[in-house]
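Close look at the chain arrangement
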Amino acid sequence: MKKVIFILFVILGSCMEQANTEVKEKVYTIAPDMNHWSKDTLGNRTESPLFGYYGDKNLIVDEQGKLFYYSYSQNYNTDCIYDNTIPKQKLIHLNPKDFIELNDNTIEGFIDQNINDADIPKGQFITLVIGTARDTFNSATLTKALSKLEYEKVVYMIRPLTEEEKVVLAYYKSGEPYYPAKVIWDTTKVVLNR
Amino acid sequence: MKKLLFIGALLIISCKESNAPVNNDTYTITENQWMADSIGKYDTSIPRFNDLYGRCNFIIDSTNTVYFYAKAPTFSNDCLGVDFQPGKTPFINLFPDDLVKVDSKIMNHFIELNIVNNDMNPVTKKLNTLAIATPGGTFNSPILTSILNKITTSRNKPLWIVRPLTQEESIVLKYKKENYTGIVYDPHLIEWDTTKIYFEKYWPIQP
């Protein structure tokens, strides 16, 4: 009798797994070495130029798959250099208060209002950078976001989190006061310009 | 009879609960008449908080478009702020990019996630404040009603005020609307009315 129950259980379990794989969303794989970050891992969009670490608009997918947004004013003089070597990351004065949490219910409306910006003149585009905490992940919210983008206006890429994003995200979650000068930065990856 | 009483009691309780701060969508906000946390309207001649900015801030413009931005709290030992100057607002280094549009479709979910979120850390929860800036005067704003209803009925309720726009907000808002026209906002080039705003010793403050 026990055996039968066990077998039933196994069958049930396998069925559940199958059901899961059917529902499974696109799996994103991002190389962790900052070398092959970007573009073609998605399949639906193969070309996107390398435009530095940060975009005009930025999204972060954390360990739990939660989505955060922040914006960044580009300094085009220094940020638009195309270089095959991997530049060190500059600090952009990110602050925990800049993070805005988004979820399934708000992502589409939010992108309509703030990323697919109607005021952009024709021929200009804005850059969207998506930073992920995990190399391989699965995010239905991100898929929703990417399918909502208007590709004549938005250029995007996906890369691992930068050092600054990791630190600021930790402070966002703990709520402790954030003083960038007191953080011990990994200077092999980050440039401290002052 | 008991049943009737019970229903009556229920009715009374429900009436009390649905006692929203406003019943219609018409508001009057001037320099001397603000709205604050469930107290209703009060006079600004009463000495008030130096800080007009909350952790979360909404700006509602004359076309009822709503913008959101957050401000890092000032941590100080004496709770007075760094530099107290009555009647003036501090410069907060706000940039047009910091303003994010939120429309009525996603408003409720947005507030749930970013303002009244129960999962947020205890430090932020403790300092949870919301300032809603309006152009002032008498105006009709259904979206303000929905914001107030949402925050007053939620569990993790922020302390809130509705007030007129500050000088910095109105200037930054103007630049936000002229975004992508090539005009760049530079706080150094603005002629600030220093009777209304004051700067910390070193500015712009690097966040």
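In every chain, residue numbers begin from 1 and rise along the written sequence. Chains and ligands are labelled by the order in which they are written, letters from A for the one and numbers from 1 for the other. Confidence filtering applies because this is a predicted model: local features only for residues at pLDDT of at least 70, side-chain atom pairs given and counted only at 80 or more, and all residues used for totals across whole chains, interfaces and linings.

As annotated in an unreviewed UniProt entry, chain B is Lipoprotein from Flavobacterium rakeshii.

The name an unreviewed UniProt entry gives chain A is Lipoprotein, with Flavobacterium rakeshii as the organism.

**Quick look at the overall build of chain A**
By definition, any uninterrupted DSSP run of H or I lasting at least four residues is a helix, any uninterrupted run of E lasting at least two residues is a strand, and each is numbered from the N terminus. The number of helices and strands found in chain A is five helices and nine strands. Going from N to C terminus, chain A has its helices and strands arranged as α-β-β-β-α-β-β-α-β-β-α-β-α-β. Relative to its full complement of 194 residues, chain A shows a buried share of 30%. Pairs at least 24 apart in sequence give 80% of the contacts found in chain A among residues at least 6 apart. Burial in this document is a count-based property: other C-beta atoms within 10 Å of a residue's C-beta are tallied, and the residue is buried at 20 or more, exposed at 12 or fewer, or partly exposed in between, with C-beta positions derived from the backbone. Contact between residues is assigned whenever the C-beta positions, reconstructed from backbone atoms, fall within 7 Å.

**A look at the interface of chain B and chain A**
Contacts between chain B and chain A engage 24 residues on the former and 23 residues on the latter. Mapped by element, the contributors of at least two residues to the side of chain B that touches chain A are strand S7 (100–102), helix H2 (107–114) and helix H3 (122–126) of chain B. In terms of residues, the side of chain B that touches chain A owes the most to one element, H2(B), which gives four residues. Class assignment of the residues belonging to the side of chain B that touches chain A gives a composition of 12 nonpolar, six polar and six charged. Nonpolar residues are Ala, Val, Leu, Ile, Met, Phe, Trp, Tyr, Cys and Pro. Charged residues are Asp, Glu, Lys and Arg, and all others, Gly as well, are polar.

**Brief notes about the packing of H2(B) against helix H4 (residues 142–152) of chain B**
All names here are of chain B. What counts as an axis is a line fitted to C-alpha atoms, over the stretch in contact for a helix, and the angles between N-to-C directions run from 0 to 180 degrees. Here H2 crosses H4 at 40 degrees, and the two axes come no closer than 10 Å. Taken together, the axes of H2 and H4 lie oblique to each other. For the pair H2 and H4, the sense of crossing is right-handed. For the pair H2 and H4, contact is made by Met107, Asn108 and Ile111 and by Ile143, Ser146, Ile147, Lys150 and Ile151, respectively. An angle below 35 degrees is read as roughly parallel, one above 145 as roughly antiparallel, one from 65 to 115 as roughly perpendicular, and any other as oblique. Note on convention: near helix rotated counterclockwise from far helix by under a right angle means a left-handed crossing. Clockwise means right-handed.

**Digging into helix H3 (residues 107–114) of chain A**
Turning to H3(A), its buried residues are Ile107(A), Gly109(A), Phe110(A) and Ile111(A). The inward-facing, buried residues of H3(A) abut strand S3 (67–71), strand S5 (100–102) and helix H4 (140–148) of chain A.

**Comments concerning the pairing of S3(A)**
Along any regular strand the residues' side chains alternate between the sheet's two faces. Residues and elements named next belong to chain A. Most of S3 is tucked away: four of the five residues are buried. By the bridge criterion, five bridges tie strand S2 (residues 57–61) to S3 in an arrangement that is antiparallel. Following the sheet pairing, Lys57 is matched in S3 by Ser71. At least two DSSP bridges between two strands are required for those strands to pair. From the end of S2 to the start of S3, which pair antiparallel, there are five residues, and Gly65 there has a positive phi angle of about 85 degrees. Two elements, S3 and S5, share three bridges in a ladder whose sense is antiparallel. Bridge pairing links Leu67 to Leu102 in S5.

**Thoughts on the environment of Asn121(B)**
Topologically, Asn121(B) is positioned in the loop between H2 and H3. As a C-alpha pair, Asn121(B) and Asp37(B) span 84 residues in sequence and 22 Å in three-dimensional space. Once you skip the residues sitting within four places of it in the chain, Asn121(B) turns out to touch Lys173(A), Ser174(A) and Gly175(A).

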